[in-house]
Amino acid sequence: MPTSRFSRRDFITAAGTLAGGSLLYQAVGCKPSAMSGTKEAASSGGPADYTLTIAVKPVELAPNRIVSTTTYNGQFPGPLLRFQEGKSVTIDIHNQTDTPEQLHWHGQFLSTDVDGAAEEGTPFIPPHGSRRITFVPKPSGYRFYHTHVHAGANLGAGQYTGLVGPVYIEPKNNPGNYDREVFLTLKEFEATYSRGGDMAMDFLSPATTVKELKDSGENAMNASLAKGMPHGFEVGYGSFTINGRMLGSGEPIRVKPGERVLFHVLNGSATEIRSLALPGHTFTVVAMDGNPIPKPVAVPGLWLGTAERVSAIVEMNHPGIWILGDMADDDRQHGMGTVVEYTGQQGKPRWVAPKPFRWNYTQFGNPEAAVPAPDQVFDMIFAKDNAAEGGFNRWTINGVAFAEDHMQPMFRVQQGKRYRLRMRNASDDIHPIHLHRHSFELTRASGQQSSGVIKDVVMLGGYQEMEIDFVADNPGLTLFHCHQQVHMDFGFMALFEYV
Ligand SMILES: [Cu+2]
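Residues numbered from 1 in each chain as written. Predicted model: local features only at pLDDT ≥ 70, side-chain atom pairs only at ≥ 80, totals over all residues. Heavy atoms only, no water.

Peer 1: Which residues make up the pattern of salt bridges, and what values go with them?
Peer 2: The final tally for this structure, using the stated rule, is 32 salt bridges. Note that Arg-65 is salt-bridged to Glu-190, the shortest N-O span being 2.9 Å. On the criterion of sequence distance, the pair formed by Arg-65 in strand 3 (residues 65-72) and Glu-190 in strand 10 (residues 180-195) is long-range, its members being 125 residues apart. Look at Arg-65 and you get partly exposed, because its relative accessible area is 31%. Across the salt bridge formed by Asp-92 and Arg-132, the nearest N and O atoms sit 2.7 Å from each other. (Salt bridge = Lys/Arg side-chain N within 4 Å of Asp/Glu carboxyl O. Helix = DSSP H or I, 4+ residues; strand = E, 2+ residues; numbered from the N terminus. Buried < 20%, exposed > 50% of the residue type's maximum accessible area, 1.4 Å probe, protein only.)

Written out as structure tokens, the structure reads:
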């Protein structure tokens, strides 16, 4: 039974006293409390339910490792916002920086005036200005909020900053067989560029690549290199954190044998794919991107593309002091981990790599169940034009790079119809593909059929194919993009319009 219901007031108090600690989001033993008081005030033009202030602040990642970055409310991650499904909330957003901001409510079905994407028409939060927004949160589950501005070449802007925070929308009924919840936001800091560099994707299954896509991508790359072009810029990082603390510097997650802990894991990276394992333990995945999967599935570890979320229960049945960390040794050693400490155990935290395994989205679905036929199929080819834009790779969807002077909608949909996106990746990079204001159902990954996996971000591997379906049920301009900042900023976006 869940024991964790943070009220807004409880949260604000807790955030004030625990800021900087890795246990910030351990919601233990907080009693439910009424939310009606502030709600009435808001509807009468009084105080908002929540206030988020965007400002540059120091963030202590580890002792004597303090970075300067843009934050929500002076903390990283931003405060955990707990909403109730269907209950209107009013939020004041103050921008204390010199640049216009957008706050995107990732994974929610909102209108374009509050979704938080200028491309859809959401007004900016002006520099040194404010904006009050009101919306009805939905759907229930694990969502998040983050900045949604163009960073371009500026590694001090957009998602390279600390502008990320978790959202949990309480369902009207909340059956959950766990003892408590722990929210984990995975995030890197101190971004720099390198030329080229391979992105690991051998974790994806099926590993099938399409020869035609590979030939096309390799020919384009070889032609570019033959002209004397360098490899396009890629982003790397100097420090890696969970809940803003590097491994070894935060408070451990203290557990008792037999406890069932529900981890809500968010990859808050601007560009990276992350993994997570806990030696000797199994993750039982119950939801992906906040949406329950057809039946729980046990896996030895998690993989998350940029902006993906996984909710998984871990039964604490292997006493010791363990590192819950990224499976990439280098990233874990640079901070991507936290410590899980059983009551009464002593010693140094230990890491043991899990046996190699692959991440197959279709294992979380119903392979047998048929999905409805779509009313229309949109074919999409994603391609890379190496180093074509001032040293950055330019990205195209069906040959077109999205740009400020090139924002006309590429796809037209009609309300109520079901659409299938047949996505083909003619590049060697992995792309976490995101659709705003809607969820989609994964229907095919590298030739394997699937149903019942409902997401808002999905990783498409290099030279691979995938199909996702969505129902056009939320009118208004709808942004579709790769969630990697350095891809979306250099063309990898498109708009759907309702006609
Ligand atoms: Cu991408």
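Peer 1: Quick rundown of the side chain of Thr-396? Include the residues and the values.
Peer 2: Mapped onto the secondary structure, Thr-396 falls in strand 22 (residues 392-397). With a relative accessible area of 13%, Thr-396 lands in the buried category. Non-local contacts of Thr-396, meaning those with residues more than four positions away in its chain, are made with Ile-381, Phe-382, Ala-383 and Ala-401. (Contact = heavy atoms within 4.5 Å.)

Peer 1: Report on helix 4 (residues 211-226), specifying residues and quantitative values.
Peer 2: Over its 16 residues, helix 4 extends 22 Å from the first C-alpha to the last, a length consistent with the 22 Å expected when each residue adds 1.5 Å. Taken together, the buried positions of helix 4 are Leu-213, Gly-217, Met-221 and Ser-224. Looking down the long axis of helix 4, one finds its buried residues gathered within 60° of arc, a one-sided arrangement. Seen from the buried face of helix 4, the exposed residues on the opposite side, beyond 90 degrees, are Lys-211, Glu-212, Asn-219 and Ala-226. At the C-terminal side of helix 4, Gly-228 shows a positive phi close to 90°. (Expected span 1.5 Å × (residues − 1). Arc of directions from axis to C-beta.)

Peer 1: With reference to specific residues and values, describe the layout of surface pockets.
Peer 2: Empty pockets left among the atoms are what a rolling probe the size of a water molecule brings to light. The volume enclosed by the largest pocket comes to roughly 620 Å³. As for the largest pocket, its lining consists of 32 residues, of which Glu-119, Val-149, His-150, Glu-404 and Asp-489 are closest to the centre. No other element matches strand 3, which puts 3 residues into the lining of the largest pocket. Here the lining of the largest pocket is built from residues that sort into 13 nonpolar, 13 polar and 6 charged. (1 Å grid on protein atoms, 1.4 Å probe; cavity = no way out; pocket = protein on both sides within 12 Å on 5 of 7 lines; lining within 4 Å. Points joined across faces, edges and corners; volume = space filled by probe spheres on them. Nonpolar A, V, L, I, M, F, W, Y, C, P; charged D, E, K, R; others polar.)

Peer 1: An account of the coordination of the copper ion is needed here, citing residue identities and associated values.
Peer 2: Taken together, His-431 (ND1), Cys-482 (SG) and His-487 (ND1) make up the protein donors of the copper ion, found 2.0 to 2.1 Å from the metal. Sequence positions of the donors to the copper ion reduce to the motif H-x50-C-x4-H. The two residues Cys-482 and His-487 agree in class, both being buried. (Donors = N, O, S within 2.8 Å, 3.2 Å for Na, K, Ca; no water.)

Peer 1: Before we move on, could you go through empty space enclosed by the protein and cite the residues and values that matter?
Peer 2: Applying the stated criterion across every chain yields a total of 4 cavities of 30 Å³ or more. Taken as a whole, the largest cavity spans an internal volume of roughly 80 Å³. Along the wall of the largest cavity there are 14 residues; nearest its centre are Ser-205, Ala-445, Met-459, Gln-464 and Met-466. Broken down by secondary-structure element, the contributors of at least two residues to the lining of the largest cavity are strand 29 (457-460) and strand 30 (465-471). Its residues assigned to classes, the lining of the largest cavity comprises 8 nonpolar, 5 polar and 1 charged.

Peer 1: Can you lay out the nonpolar core for me, pointing to particular residues and giving the numbers?
Peer 2: Core analysis: the biggest nonpolar cluster contains 82 residues, and Phe-263, Leu-302, Trp-359, Met-423, Phe-480 and Phe-496 have the highest contact counts within it. Among the elements that make up this core, the one with the highest residue count is strand 11 (residues 233-242) (5 residues). Excluding its chain neighbours within four sequence positions, the residues that come into contact with Trp-359 are Phe-203, Leu-204, Ser-205, Met-288, Val-299, Gly-301, Leu-302, Trp-303, Val-310, Phe-364 and Met-459. One finds Leu-52, Ile-93, Leu-110 and Ile-125 within the second-largest nonpolar core, a separate group that totals 20 residues. (Core = buried A, V, L, I, M, F, W, Y, C linked by side-chain atoms within 4.5 Å.)

Peer 1: Quick rundown of the sheet that holds strand 25 (residues 431-435)? Include the residues and the values.
Peer 2: An order of 23-32-31-25-29 is seen for the 5 strands of this open sheet, with the pairing classed as mixed. The outermost strands of the open sheet, each flanked by one partner alone, are strand 23 (411-413) and strand 29. Looking at each pair of strands side by side, their axes are set apart by 20° on average, direction ignored. (Pairing = 2+ DSSP bridges. Axes fitted to C-alpha atoms, helices over the stretch in contact; angles between N-to-C directions.)

Peer 1: Which residues make up the packing of aromatic side chains, and what values go with them?
Peer 2: Across all of its chains, the model carries 25 aromatic pairs by this definition. Judged by centre distance (6.1 Å) and plane angle (80°), the ring pair of Tyr-168 and Phe-183 falls under edge-to-face. Here Phe-183 lies in strand 10 and Tyr-168 lies in strand 9 (residues 164-170), a separation of 15 residues in the sequence. The burial state of Tyr-168 is the same as that of Phe-183; both residues are buried. The rings of Phe-378, Phe-382, Trp-395, Phe-411, Tyr-419, Phe-470, Phe-480, Phe-492 and Phe-496 are connected pair by pair, giving a single aromatic cluster. (Phe/Tyr/Trp six-rings, centres within 6.5 Å; stacked < 30°, edge-to-face > 60°.)

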